[in-house]
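Working through the structure, step by step
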Amino acid sequence: MAKRMLADMNYLADLPPSGVGIGLKPQHYGVVLQSVSASIPASGSSPDWLEVHPQNYFCDGGAPHRWLSAISEHAPISFHSVGLSLGSAEGLNRGELERLAALCDRYNPALVSDHLSWSSSANNRYPDLLPLPYTEEALAHFVDQVGRVQDRLGRRILIENPSRYLAFAHEEMDEVDFLHLLCERSGCQILLDINNIEVSATNLGFNAEALIDAFDPALVGEIHLAGHAREERDDGALLIDDHGSPVSEVTWNLFARFIARAGPKPVLIEWDTDVPDYSVLMEEANTARAHLQDAGRNTAPEIARVIA
Amino acid sequence: MMLAIDEGPVHLPPGLFAGPASRIIAGMKVHANTISHARLVALEESFPRVLALLGHAEFNRHSRGFLLRAEAVRVALAVIGREFPRYLSCIPEAAFASALAQFDWLWLEAFRAPDVRSLVLADLAGIRPQELPQIVLQRHPATRLAPLDDHIRGAVGNALSDMSDAEWLLLVRPEDQVRILPVTAAMRSILVKADFPASIGNLLAVTDEPGSIPDCLPDAPMQALIALIEAGALREVRE
């Protein structure tokens, strides 16, 4: 789908701009359904939306789909894909794309996103988000792959900035420029993972605040907040993006800094490892809500339009 | 980079990454550990009963051996364990767990199977007796048969009654949850025939073919069919 057509779509995201979501986990199916379906939910007790990894719902049927169907009747659902491998030199995984398309037809998610990364080769599948160099060649390839996905799904997608542990020696541009050009040429938008900003900046020696300040808020359609692990080394700390802990103070501060400039955006609390009780996730979500309310008081409101 | 992830940092092309060698190695290790951990966890989650039987250390040892095989890492995580039962059967000290591994995999297949309405007895209530033999049935897509051995009996037996004579187990999922039931020889015979669409008349026919039910009591096939329908193991096939 040409970028011009996407720009003309005037597509309004179904996620509330000040909405805070959580990742939907099987162990929370019951309590989530109960909270989002309550006729008068207690304040701060339920998420505004839920996000899932669509690959977990590629099964043909069964309990996961029954839960997701029931929950989706009461709250918007977002798909955060991890398997398209858009950066693979051989091209994206077409089988995954077809399954994702079928799932989108079934659930009509409010947003669909994937990652600025690759995770498979011609022979092997790597369950990780591996880095690609920020070069014109890689950009042209990624623009093409994003276009194929958007054409197939009939919608704009969001691309998430990665957590980086490695920097290629011969890059032609920085990550922000790469993402901005990707948006300009493909019509996609950015899923800004602020924990990933802290992780990448720490690991590669960048200034995290400068990095956050460089992102164009108009291109950001969603924000992720997550925790990380820290490994102290003789040559400096190494942060590992394991989504296994509360959001760090640095990430909260970067989040506040960004939304003070950008205004409210849909925010997701990501916690995928050692998943805690639902109440803990909601505490994180309510902290995000408090930050959004502060930002809303201090900036002009911004509609979360998914328009370039 | 792929070769370095698969086989170690000695394969890392010089000059590919920026920064000190120690940080490059540390970064590669994070990726390699993430990949390895995800694959191992996927196997643990696919084979919980085998994990309980072998214990974590032994299961981990065999999992790592399995993942060294190229074909194991060419598939998505959801199906990474597809060949694990067969792999275990080829290892002398782990072969005893292969049937239980196959059971775990069949359970997973049942759990993930399509949502299809299973046939219930009430569906047949209003049909004239002379028309019943023409009704076409087939296995429900979630239905699986598993041979029963001592390890499977130990893993699931406490949840089942009337297991003493069973040689096979039936896994069904007519609703949300997978159910496990012992099956009789007559039930198994019907299910084998119901792999493809077959009329009730054909399903109930007892023949002298190899694999048919020996010394079958006259009403055993009908009782078996009713039991299968009550279990949610069959679906009606309409033209």
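An account of the accompanying structure is given in this report.

Reading guide: rules and limits
- Residues numbered from 1 in each chain as written.
- Chains lettered and ligands numbered in written order.
- Predicted model: local features only at pLDDT ≥ 70, side-chain atom pairs only at ≥ 80, totals over all residues.
- Heavy atoms only, no water.
- Helix = DSSP H or I, 4+ residues; strand = E, 2+ residues; numbered from the N terminus.
- Contact = heavy atoms within 4.5 Å.
- Areas by Shrake-Rupley, 256 points an atom, 1.4 Å probe, with all protein chains shown as cover.
- Salt bridge = Lys/Arg side-chain N within 4 Å of Asp/Glu carboxyl O.
- Buried < 20%, exposed > 50% of the residue type's maximum accessible area, 1.4 Å probe, protein only.
- Buried area = accessible area lost by both parts, 1.4 Å probe.
- Polar contact = N/O pair within 3.5 Å; in protein donor to acceptor, adjacent residues only side chain to side chain.
- Nonpolar A, V, L, I, M, F, W, Y, C, P; charged D, E, K, R; others polar.

Focus on the overall build of chain B
Within chain B, the regular secondary structure consists of 11 helices and six strands. In terms of overall dimensions, chain B has a C-alpha envelope of 85 × 40 × 30 Å along the principal axes. Intrachain contacts of chain B at a sequence separation of at least 6 include 63% that bridge at least 24 residues. Total accessible area on chain B is roughly 12,500 Å²; 56% of this is exposed by carbon and sulfur atoms.

Concerning the pattern of salt bridges
Per the stated rule, a full pass over the model turns up 27 salt bridges over all chains. With its nearest N and O atoms 3.5 Å apart, the salt bridge here joins A:Arg66 to B:Asp115. In this pair, A:Arg66 sits in helix H3 (residues 63-72) while B:Asp115 sits in the loop between helix H6 (98-112) and helix H7 (121-124), so the two residues belong to two different chains. Owing to a relative accessible area of 31%, A:Arg66 belongs among the partly exposed residues under this scheme. Taking relative accessible area as the criterion, B:Asp115 reaches 33% and is therefore assigned partly exposed. The partner of A:Arg164 in a salt bridge is A:Glu171, and the shortest N-O contact between them spans 3.0 Å.

Points about the interface of chain B and chain A
Across the contact, 36 residues belong to chain B and 32 residues belong to chain A. Both faces combined, the contact of chain B with chain A buries some 2,900 Å², and carbon together with sulfur accounts for 59% of it. Connecting chain B to chain A are four salt bridges. The interface formed by chain B and chain A holds 18 residue pairs in polar contact (both at pLDDT 80 or more) in total. Listed by contribution, the elements that provide at least two residues to the side of chain B that touches chain A are helix H1 (2-7), helix H2 (21-46) and H6 of chain B. Sorting elements by how many residues they give to the side of chain B that touches chain A places H2(B) first, with 12 residues. Within the side of chain B that touches chain A, the residues separate by chemical class into 21 nonpolar, six polar and nine charged.

Notes on unusual backbone geometry
Residue and element names in this part refer to chain A. Not every positive phi belongs to a glycine, and His 243 is a case in point at roughly 50°. Relative to the elements of secondary structure, His 243 occurs in the loop between strand S11 (238-240) and helix H9 (249-262). One non-glycine residue with positive phi stands out, namely Asp 274, at about 45°. With respect to the helices and strands, the residue Asp 274 is situated in the loop between strand S12 (267-270) and helix H10 (278-298). Using a relative accessible area of 65% as the deciding quantity, one classes Asp 274 as exposed.

Here we look at the environment of B:Phe84
All names here are of chain B. Tracing the chain through its elements places Phe 84 in helix H5 (residues 84-89). We classify Phe 84 as buried; its relative accessible area is 0%. The spatial distance from the C-alpha of Phe 84 to the C-alpha of Val 10 is 30 Å, given a sequence separation of 74 residues. Not counting residues up to four positions away in its chain, the partners in contact with Phe 84 are Leu 43, Phe 47, Phe 59, His 62, Ser 63 and Phe 66.

Quick notes on the environment of B:Pro9
All names here are of chain B. Turning to its location among the elements, Pro 9 is positioned in the loop between H1 and H2. Since its relative accessible area comes to 48%, Pro 9 is described here as partly exposed. Put simply, Pro 9 and Ala 220 are 211 residues apart on the chain and 64 Å apart in space, counted from C-alpha to C-alpha. Not counting residues within four places of it along the chain, the set of residues in contact with Pro 9 comprises Ala 4 and Ile 25.

These results come straight from atomic positions and should not be treated as a statement about function.
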